[in-house]
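Notes for the structure review
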Amino acid sequence: MSRIDDRFADLRQQNHRALIPYAMAGYPDYDSTLKIVRGMVKGGADIIELGFPFSDPLADGPTIQNAATTSLNIGMTLSKYYSMLDEIRDITDIPIICMTYSNVAYSVGYDRFIYDMQKHGIDGIILPDMSIDESKEYRDISAKYGMDTIFLASPNSTDARCSRIIEVSDGFLYLVAVYGTTGAQMGVQRYAIDALLRIKGMSRDLPVGVGFGIRTGEDIKLYVKNGADALIVGSAILNVVRDAPHDIETSVSRYVDTLKRETTEGA
Amino acid sequence: MSKFGDFGGAYIPETLVPAVEELQQEYARFSQESSFRSELESYLKDYAGRYTPIYHAKNLSKRIGGAQIHLKREDLCHGGAHKINNTLGQALLAKRMGKRRIIAETGAGQHGVATAMACAALGMKAEVYMGSKDVERQRLNVYRMKLLGADVIPVKAGSRTLKDAINDAIRDWITNVNDTYYLLGSAVGPHPYPTMVRDFQSVIGEEILEQMGVPDVAIACVGGGSNAIGTFHPLYNKSTKLIGVEAGGSGLDSGLHSATLSAGRPGILHGMLSYLLQDDTGQVLETHSISAGLDYPGVGPEHSYYKDSGRVTYSVATDSEVADAFTTLCKTEGIIPALESAHALAEAIKVAPTMKASEDIIVTLSGRGDKDMDIIRRYYEQN
Ligand SMILES: Cc1ncc(COP(=O)(O)O)c(C=O)c1O
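This write-up is about the structure you can find in this document. In this numbering scheme, every chain counts its residues from 1 along its sequence in written order. Labels are handed out in written order, letters beginning with A for the chains and numbers beginning with 1 for the ligands. Only residues with pLDDT of 70 or above have their local features reported here, since the model is predicted, and side-chain atom pairs are shown and tallied only from 80 upward, although totals for entire chains, interfaces and linings are computed over all residues. For side-chain calculations, the full set of non-hydrogen atoms in the structure is used, while hydrogens and water are omitted.

A tally of helices and strands in chain B yields 16 helices and 14 strands. In this description the radius of gyration comes from C-alpha coordinates, and the expected globular size is given by 2.2 Å times residues to the power 0.38. For chain B, whose C-alpha radius of gyration is 19 Å, the value lies close to the compact-globule estimate of 21 Å for 383 residues. Viewed in the frame of its principal axes, chain B has a C-alpha envelope of about 55 × 45 × 40 Å. For each residue, the accessible area found with a 1.4 Å probe, counting protein chains only, is set against the maximum for its type, and the residue is called buried under 20%, exposed over 50%, and partly exposed in between. For chain B, the residues scored as buried account for 65% of the 383 residues in total. Only heavy atoms enter the contact rule, under which two residues are in contact if any of them lie within 4.5 Å. In chain B, of all internal contacts separated by at least 6 residues, the share reaching a separation of at least 24 is 75%. Of the accessible surface of chain B, which amounts to about 13100 Å², a share of 49% is contributed by carbon and sulfur atoms. Counting from the N terminus, the helices are the DSSP runs of H or I reaching at least four residues and the strands are the DSSP runs of E reaching at least two. Note on areas: these come from Shrake-Rupley sampling with a 1.4 Å probe, and a residue is covered only by the protein chains present in the view.

Here's what the structure looks like:
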C-alpha cells in the first residue's frame, strides 16, 4: 500500500473524494511555491501535485505554459526541486505527485530520476506524454522503487485501451475531462461524464480522478455525483496565485477550502 | 514498424492515441490501394511538375575541382521546394479519411505554402501555425499562404520558431481531435509520420536511381530530415556514400546552431524518441540557423538510427559556409538555392575536391531561394 492508496482508503471510509490541487514548482518563485503548498495543506488538500517545468509542455494550455516558462527563467532545476521537496516534507506528510514530461525522466535516466524522486518524498509520477505503449521500462523501474505510476485516459479511449490503462496505473487513473489542454474553459462536458461513468464501471478498486478545466465547486459537484474519486485542479489554482500576489498562502487556502467542501457527496 | 532501432515510437497524450491509430490504419490501407497511388502520381506529375530534372553543374564542378556535382532539382517543384511531395500525399489521404479541417506547422513557410497549395487544389482549408520569429523573417511566404487561402496563426511561445509551431499544432490537434487532420511537414513526430513522410519523399531517391543510376555520394540538408530521408532511403542498400548536413549556425562551439545529430543526445520531443538538443535535465535548447527551415532542435528518428548504425555520415555547415555556397551557385550556374539546400551544397564543395573527376555527387537541391532574399541581403550587410 502506497501513501496514495492509504489516503484513498481513508477518504473512502469518510465518504470523501480527494481534492488534488496543482502547483508549479518555481512559480511565481521558489518561496511562493512553499507558501502555496502550505495554503493547500491548510485548505484541506488531500494530495498535492507538484509540477516540474518542461520547456515544451504540449498537453498544457497558456496558464501552465507561462508558469513553466517563469519557473525555468528563475532557474528551476531538479536539485532545487528536490530541496523544495525536502522543505515540504519537514512540514507535511501529505502524498505528493510529480507531474512533468517524459523527456525530463528519460534525459536524467529513468532509474536515477525515480530513485531521486522517491528519496525526496514523491509518491507518484504523472507524465502526460508517456503512452502506455512506450512505458515498460519506466514502469518496471518505478515498481522497483515503489513509485506509483499514474496514467491518463481520455474520453475517446476505447474500452480495450481503458482496461490496459487501468492495469498499469497505480494510485489512481487520471481521466482527462476535455478534448483540449489544461486550463480549457469549456465547463463540464457531457462526453466527460459519459467517460467517467464508463471507466468507473471498469476500474474496480482503482480510484478514478478527473482533471483538466475544473474551476468551480459546481464542476466538482457534478463529477462527484457521477462517481469521481478525485478532482485535480491546476490552472485555476495558478490563476488564483497570479491574481493574489500579496497573500498567496491565504488566497490559496481559501480557494482550496471552498473546493474541498464539494468533495463530500450530498454536501 | 513503429521503431527504427530504439528510436521513434509514439510518446503522445492519450487523447491523440485514437487519432494516431486511425492514421496508421488508414495510411496502411490507402498506400496499398492502386487508385490512391495513381491519383497521387498524377498530381505529382501534372500539378507538382515531376519528374524533377537532374542538372549536371559543370561550371560549379570545374570551379571546385574533383568530382562531378549534380543537382536534384527539387527547387523546380511547384511551390519551390520538395515539401509538395509530402503535402499532396497527406492531403489526399486526409480527404479519403473524410477529414475536413487541416492544420499544419511551418518553419521557413515552405511547408505551409505547400500545404496551402495542396489543400486549395483538393478543395480543403488549411490553418498553419508559424512561430512569430519566422513570420517576421519569412514574410513573403506568409503572404503566399494567405493568397492561397490558408490562415496563418503566429505562435508567440518559447523560441517562436518551428518547434513552438509544432507544439501549438499538436495542442490544436488534441483540442479538435475528432475532425482535424494534422499535416506534419517533416519526417518527425509520432509513428506513423516519420515513415509516411519518408515514403512520400522517397520519390526523390527513386528518381535519382532511375535518372543516373547509383551515385558515388549523395548529400542532403537535414532539418527535420524529410528531403534527406527521401534521398537516402532508396539508396540505403546501394554503395552510395550518404551525407546529411545540419545547420552549424555560428559554429558548434558557439552554442548557436541546430546540429541535433552532431551535438545532441537522445530525448523525447514531439511524440518521438530521437536525438535532441537539450540541457542536462532534458530542457530543450534554443537553436540558431541562418535558414528558418533547419532551425529545429529535433530530428527524424530514422536519421538517429542511421547515425548510430553508421550508414549515414552527418556533418555541419556554418552560416558563413552556407552564404558562400549560396553565392557560388548563383554566380556559377544561375541558380538561387534555398538557404537550407545551400547547406548540402557547402558540404559538396568540401567533399568534391577529395574525389576523382570520374566520380559523381548528387546534391538534393531541396528548394529555391526566392524566400531568402531579405535574409541573405541582411547577412551581407552585416558581414
Ligand atoms: C527548401 C527546404 N529544404 C529543407 C528544409 C528542411 O526540412 P527537411 O529536413 O524536412 O527536408 C526546408 C524546411 O522548411 C525547406 O524549406
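Across a sheet, strands are paired by hydrogen bonds formed along the backbone, either parallel or antiparallel in direction. Residue and element names in this part refer to chain A. Strand order in the open sheet made by the 9 strands is S5-S4-S3-S2-S1-S9-S8-S7-S6, with parallel pairing throughout. Of all the strands in the sheet, the pair left with one neighbour each is strand S5 (148–150) and strand S6 (152–153). The rule for pairing is simple: two strands pair if DSSP sees at least two bridges between them. Bridge analysis of strand S8 (residues 208–211) against strand S9 (residues 230–233) gives 3 bridges, and the strand direction is parallel. From the neighbouring strand, Gly 209 faces S9, where its bridge partner is Ala 230.

For the rest of this paragraph, the subject is the site of the ligand. Residues and elements named next belong to chain B. Around the ligand sit 18 residues in total, of which Ser 186, Gly 223, Gly 225, Ser 226 and Ser 366 are the nearest. The term polar contact refers here to a pair of N or O atoms within 3.5 Å; inside protein, the definition further demands a hydrogen-donor-capable atom paired with an acceptor-capable atom, and it admits residues adjacent in sequence only when both atoms are side-chain atoms. One of the backbone nitrogen or oxygen atoms of Gly 225 is found 2.7 Å away from an oxygen atom of the ligand. In the model, an oxygen atom of the ligand is placed 2.8 Å from a nitrogen or oxygen of the Asn 227 side chain. Taking 390 Å² as the accessible area of the ligand by itself, protein coverage stands at 97%. Side-chain classes are defined by residue name, with Ala, Val, Leu, Ile, Met, Phe, Trp, Tyr, Cys and Pro counting as nonpolar, Asp, Glu, Lys and Arg as charged, and the others, Gly among them, as polar. Across the shell around the ligand, the residue classes break down as 5 nonpolar, 11 polar and 2 charged. Near, as used in this document, describes a residue that has one of its heavy atoms within 4 Å of the molecule or strand being considered.

Residues and elements named next belong to chain A. Patch membership is restricted to residues that have no salt bridge and whose relative accessible area is over 30%. Joining uses 9 Å for like charges and 5 Å for the nonpolar side chains Val, Leu, Ile, Met, Phe, Trp and Tyr. Salt bridge, as used here, is a side-chain nitrogen of Lys or Arg placed within 4 Å of a carboxyl oxygen of Asp or Glu. Neither His nor the chain ends contribute to the count of charged residues, in which Lys and Arg are positive and Asp and Glu negative. To locate a charge, the coordinates of NZ of Lys, CZ of Arg, CG of Asp or CD of Glu are taken. A contiguous patch of negative charge, built from Asp 29, Asp 31, Asp 86, Glu 87 and Asp 90, is present on the exposed surface. In terms of residues, the negative patch owes the most to one element, helix H4 (residues 78–91), which gives 3 residues. Looking at where Asp 29 falls in the secondary structure, it is placed in the loop between strand S1 (18–24) and helix H2 (30–43).

Attention now moves to the packing of H4 of chain A against helix H6 (residues 110–119) of chain A. Residues and elements named next belong to chain A. Between N-to-C directions, angles span 0 to 180 degrees; the directions come from axes that are lines fitted to C-alpha atoms, helices contributing only their stretch in contact. The interhelical angle for the contact between H4 and H6, taken along N-to-C directions, is 25°, at an axis separation of 10 Å. By the angle between their axes, H4 is roughly parallel relative to H6. Together, Leu 78, Tyr 81 and Tyr 82 of H4 and Phe 113, Asp 116 and Met 117 of H6 make up the contact between the two elements. Of the residues belonging to the contact of H4 with H6, the class tally is 5 nonpolar, no polar and 1 charged. Should an angle fall under 35 degrees it is taken as roughly parallel, and over 145 as roughly antiparallel, whereas 65 to 115 is taken as roughly perpendicular and any remaining angle as oblique.

We define the nonpolar core as a collection of buried residues of types Ala, Val, Leu, Ile, Met, Phe, Trp, Tyr and Cys that are connected through side-chain atoms lying within 4.5 Å of one another. Counting 126 residues, the largest nonpolar core has Leu 50, Tyr 81, Met 117 and Tyr 223 of chain A as its most contacted members. If near-sequence neighbours (up to four positions away) are discounted, Met 117 of chain A is found in contact with Leu 78, Tyr 81, Tyr 82, Cys 98, Ile 122, Ile 125 and Met 147 of chain A. Residues Tyr 27, Met 117, Met 124 and Tyr 193 of chain B belong to the second largest nonpolar core, which totals 61 residues.

Secondary-structure assignment places Ser 250 of chain B in the loop between strand S10 (241–249) and helix H12 (260–263). Those residues in contact with Ser 250 of chain B that lie beyond four places of it in its chain are Leu 256, His 288 and Asp 319 of chain B.

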